[in-house]
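# Architecture and fold: a report
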Amino acid sequence: MPEPAIARHRWWKEASIYQIYPSSFCDSNGDGIGDIPGIISKLDYLHELGVDVIWLSPVYKSPQKDMGYDISDYQAIDPRYGSMADMDRLIAGLHARGMKLLMDLVVNHTSDQHAWFQESRSSLDNDKRKWYVWRDGFMNEKGEEGPPNNWRSVFGGMWAEFKIQAGGLTVKTQKHEGSAWQYDEVTGQYYLHCFLPGQPDLNWEHPPVREAVHSQMKFWLDKGTDGFRMDVIDLISKPRSFADAPVVLPNERWQPADKLISNGPRLNEFLEEMGREVLSKYDVMTVGEMPWMTDKREALNVVGWWRGELDMIFQFDMITMDFGNNGRYSWPEKPWTLSTLKGALEGWQTFMIQNGGWNSVCLESHDQPRSVSRFVDRSLTDNDPVTRVRVAKMLATLEAGQCGTIYVYQGQELAMKNMPTHWPIEEYKDVETQNAYKEALEQAGRDESKMQDFMKALHLKARDHARIPVQWDSSSHAGFTTGMPWMRVNEDYPQWNAALQVPDEDSVFSFWKKVLQLRKQYKNVLIYGDFEMLVREDARVVAYRRTNGQERALVLLNFTNGPVEWEIPRGRRVEELVDERYRKLGNHGKLLGEGDVLSLRPFEALMFIK
Ligand code: GLC
Ligand code: CA
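Residues numbered from 1 in each chain as written. Chains lettered and ligands numbered in written order. Predicted model: local features only at pLDDT ≥ 70, side-chain atom pairs only at ≥ 80, totals over all residues. Heavy atoms only, no water.

## A short note on the overall build of the protein chain
Our working definition: Under the scheme used here, helices are H or I runs from DSSP no shorter than 4 residues and strands are E runs no shorter than 2 residues, and both carry numbers assigned from the N terminus. In this treatment the radius of gyration is a C-alpha quantity, and the globule benchmark scales as 2.2 Å times the residue count to the 0.38 power. Throughout, exposure labels follow a simple rule: accessible area from a 1.4 Å probe, protein chains only, divided by the maximum for the residue type, with under 20% read as buried, over 50% as exposed, and the rest as partly exposed. Two residues form a contact once any of their heavy atoms are found within 4.5 Å. In this tally, Asp and Glu contribute negative charge and Lys and Arg positive charge; neither His nor the terminal groups of the chain are included. A charged residue contributes its charge at one atom only: NZ of Lys, CZ of Arg, CG of Asp or CD of Glu.
From N to C terminus, the protein chain includes 19 helices and 27 strands. In terms of overall size, the protein chain behaves like a compact globule, its C-alpha atoms giving a radius of gyration of 24 Å where 610 residues would be expected to give roughly 25 Å. For the C-alpha atoms alone, the extent of the protein chain along its principal axes is close to 80 × 55 × 50 Å. Across the 610 residues in the protein chain, those meeting the buried criterion constitute 62%. Long-range pairs, those at least 24 residues apart, make up 72% of the contacts in the protein chain between residues at least 6 apart in sequence. Taking the average place of the 72 positive charges on the side chains of the protein chain and the average place of its 88 negative ones, the gap between the two points comes to 3 Å.

## Some thoughts on the sheet that holds strand β27 (residues 605–609)
The test is simple: Pairs of strands are assigned from DSSP output, requiring at least two bridges between the strands. Here, axes are lines fitted to C-alpha atoms. For helices the fit covers the stretch in contact, and angles between N-to-C directions go from 0 to 180 degrees.
Read across the sheet, five strands follow the order β20-β21-β22-β27-β24 without closing on themselves; strand pairing throughout is antiparallel. Of all strands in the sheet, those bounded by a partner on one side alone are β20 (530–534) and β24 (583–586). In this sheet, adjacent strand axes meet at a mean angle of 15 degrees when their direction is disregarded. The pairing of strand β22 (residues 551–558) with β27 spans five bridges and is antiparallel. By the bridge assignment, Leu557 is partnered in β27 with Ala605. Sheet contacts for helix α13 (residues 385–400): β21 (541–548), β22, β24 and β27; angle to β27, the most-contacted strand, approximately 35 degrees. Helix α17 (residues 508–521) rests against β24 and β27 of the sheet, and its axis sits at about 145 degrees to β24.

## Structural notes on the environment of Ile425
Structurally, the position occupied by Ile425 is in the loop between β19 (405–409) and α14 (431–444). C-alpha separation for the pair Ile425 and Gln118, spaced 307 residues apart in sequence, amounts to 34 Å. Contacts of Ile425, omitting those with residues within four sequence positions, involve Thr433, Gln434, Tyr437 and Leu458.

## Observations concerning the site of ligand 1
Filter applied, for reference: The rule for a residue being near a molecule or strand is that one of its heavy atoms must lie within 4 Å of it. Polar contact is defined as a pair of N or O atoms within 3.5 Å, subject to the rule that within protein one atom must be able to donate a hydrogen and the other to accept it, and that residues adjacent in sequence are counted only when both atoms are side-chain atoms. Surface accessibility in these figures is a Shrake-Rupley result with a 1.4 Å probe; residues are shielded only by whichever protein chains are displayed. Each residue gets one label: Ala, Val, Leu, Ile, Met, Phe, Trp, Tyr, Cys and Pro are nonpolar, Asp, Glu, Lys and Arg are charged, and the others, such as Gly, are polar.
In the region of ligand 1, 14 residues are neighbours, and Asp66, Asp231, Glu289, His366 and Asp367 sit closest. Taking Arg463, its side chain carries an N or O atom lying 3.0 Å from an oxygen atom of ligand 1. Against a free-state accessible area of 310 Å², the protein chains account for coverage of 96% of ligand 1. A breakdown of the residues in the shell around ligand 1 according to their chemical character gives four nonpolar, three polar and seven charged.

## Looking at the coordination of the calcium ion (ligand 2)
Worth spelling out the cut-off: A donor here means any N, O or S atom no more than 2.8 Å from the metal (3.2 Å for Na, K and Ca); water is not included, so a site may seem to lack partners.
Coordination sphere of the calcium ion (ligand 2), protein contribution only: Asp27 (OD), Asn29 (OD1), Asp31 (OD), Ile33 (O) and Asp35 (OD), at 2.3 to 2.4 Å. As a motif over one chain, the donors of the calcium ion (ligand 2) read D-x1-N-x1-D-x1-I-x1-D. On the basis of relative accessibility, which here comes to 1%, the residue Ile33 falls in the buried class.

## Concerning the nonpolar core
Soluble globular proteins tend to bury their nonpolar side chains together. Going by this rule: We define a nonpolar core as any set of buried Ala, Val, Leu, Ile, Met, Phe, Trp, Tyr and Cys residues linked to one another through side-chain atoms lying within 4.5 Å.
In this structure, Ile54, Leu56 and Met87 are the most contacted members of the largest nonpolar core, which totals 155 residues. Once residues within four sequence positions are removed from consideration, Leu56 is found in contact with Ile20, Pro22, Ile39, Met87, Leu90, Leu101, Leu102, Met103 and Asp104. By size, the runner-up hydrophobic cluster in this structure holds 17 residues, among which are Leu192, Phe195, Leu196 and Phe242.

## Regarding helix α10 (residues 338–355)
Quick reminder of the rule: Helix span, expected: 1.5 Å multiplied by one less than the number of residues in the helix.
Given a rise of 1.5 Å per residue, 18 residues ought to cover 26 Å, and the 26 Å separating the end C-alpha atoms of α10 matches this to within 8%. Counted residue by residue, α10 has 14 buried out of 18 residues, so it is predominantly covered. The positive-phi residue at the C-terminal boundary of α10 is Gly356, with phi of around 80 degrees.

## Brief notes about the packing of aromatic side chains
Note the following rule: Each Phe, Tyr or Trp ring, with Trp reduced to its six-membered ring, pairs with another whose centre is within 6.5 Å; inter-plane angles below 30 degrees give stacked pairs, above 60 give edge-to-face pairs, and intermediate values give tilted ones.
Counting across every chain of the model gives 27 aromatic pairs. Taken together, a centroid distance of 4.9 Å and an interplanar angle of 70 degrees make the contact between Phe117 and Tyr191 edge-to-face. Placement of the pair is Phe117 in helix α5 (residues 115–122) and Tyr191 in strand β13 (residues 189–192), with a sequence separation of 74 residues. The burial state of Phe117 is the same as that of Tyr191; both residues are buried. Aromatic side chains Trp134 and Tyr191 sit 5.5 Å apart centroid to centroid with 70 degrees between the ring planes, which places their arrangement in the edge-to-face category. Highlighted residues: Trp134 in strand β6 (residues 134–135) and Tyr191 in strand β13, separated in sequence by 57 residues. Classification of Trp134 as buried rests on a relative accessible area of 7%. On the basis of relative accessible area, Tyr191 is assigned to the buried category, the value being 2%.

See below:
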């Protein structure tokens, strides 16, 4: 049921969204952990940047085994982040500035400390038994019992548990084999946990679970929240058969089950019901995180304007282009190419525009490394500040020109980069990283080059890179805290911080500010226009055009560290494509070129609008 995207203007299409990872944003009380009063103290900063909506990663009560993505009470704020009164002040502070708030809705699973799970595990006939996924073990031919099937937990083999506490971090390490099922002695059955054993999956087949989720949502919407980012929401409908996953890791007992558990048989039904029962009653926005959604038709079933399900999703085609069968730490290394990136970009842009869907435009999050260290050779941005500024602005331009709702992750507007490569493994606090490291150590016994491959992947892709504190100024610990930060602050903070960048017109911060303004000023073409990829086969340059009636925009990005003589594609007049008068964004000086050839300098980014 195609309808031109232009026909449907919505506030959430035009909004610029900024993600806050609360532990690492700003600490107000010196305990080393970012908190809600810290966020409130930075609202003017965010307003100045031009942000309309904040997506706040979880601040709910949680044992923090996965940094709050393991919730033990949906209606309480974890004391480390503040109180419900602080939360109310945050909402009021945002609304007073004309800004909005998205909460993180984590309802594929709860914490094992949630009262629902405590009851569920207590006996076979407890009221809440069916709220989670319980199964008997599977007996093999030898009469040995094991988990019900071969599914592997997303966080893999051995696991560590972290708990952040005032002034530091305590670590508990426990051996765990990597199955997605955990045996529970109380009743002698196994429960499903797609992530950590401390994150049991809710059983969405059971109607009271869905009602309970709806009522948590209403609680937050009635408080004034303006929508939700929905955590791994593509996993909520599990296939009923619980069949084994196909073997893609031949030497392993437990196999990734993502193809079976994502986009399950009742996903659309559950989302449509949520829309009908809850979301349609409020003027809110929704974005579903869908890590394993790769089929555009299936995605359209969720975000098509006529569906009444979600407004948009996060898909991961560009982000995971160098992941293998076993996620980000798969080896051997699988480097990405610019043509893969261009293919993913063009595919999602044109498909959603032509079919009445909507995209989110996003390069960073708390689950991904820093874009300046990721989308070009990181040694270049590590070693040369000029290149780092250029690349950050180029990547901002890559986002700026796309059709969809734009997202900025905290610190991206300051060109924050990955942790230094010389930091030891102890500086990495993420449970996924620690598990993968231990697994790599075990396997390296068999093959040493594996450890080197692993370290490369770690320096490039670990989630920790996005989780170190935001760099506010050049005082100690970058002004993030007066105490000891829970994660180490990057050493480059005296040169790279908000205090220096906000007043500087040439800074990355000012560039982002301009980007967000331009999207407002030229929304017809930049937000609602058609998309056309140019020079698909060029392995050095990303070039695309946006059009809406008479209005047009051109984005040109040199992804190489050398000059590129860029011939204007045949059939297009020079003036139509590039004209100094229409240049709205650029990260070098005056345009260089003659006739049909434009001379692009290293990592040059240009946007023309007329
Ligand atoms: C999502 C979150 C991630 C978390 C996982 C399990 O992918 O973004 O941080 O670890 O879900 O909840
Ligand atoms: Ca604090």
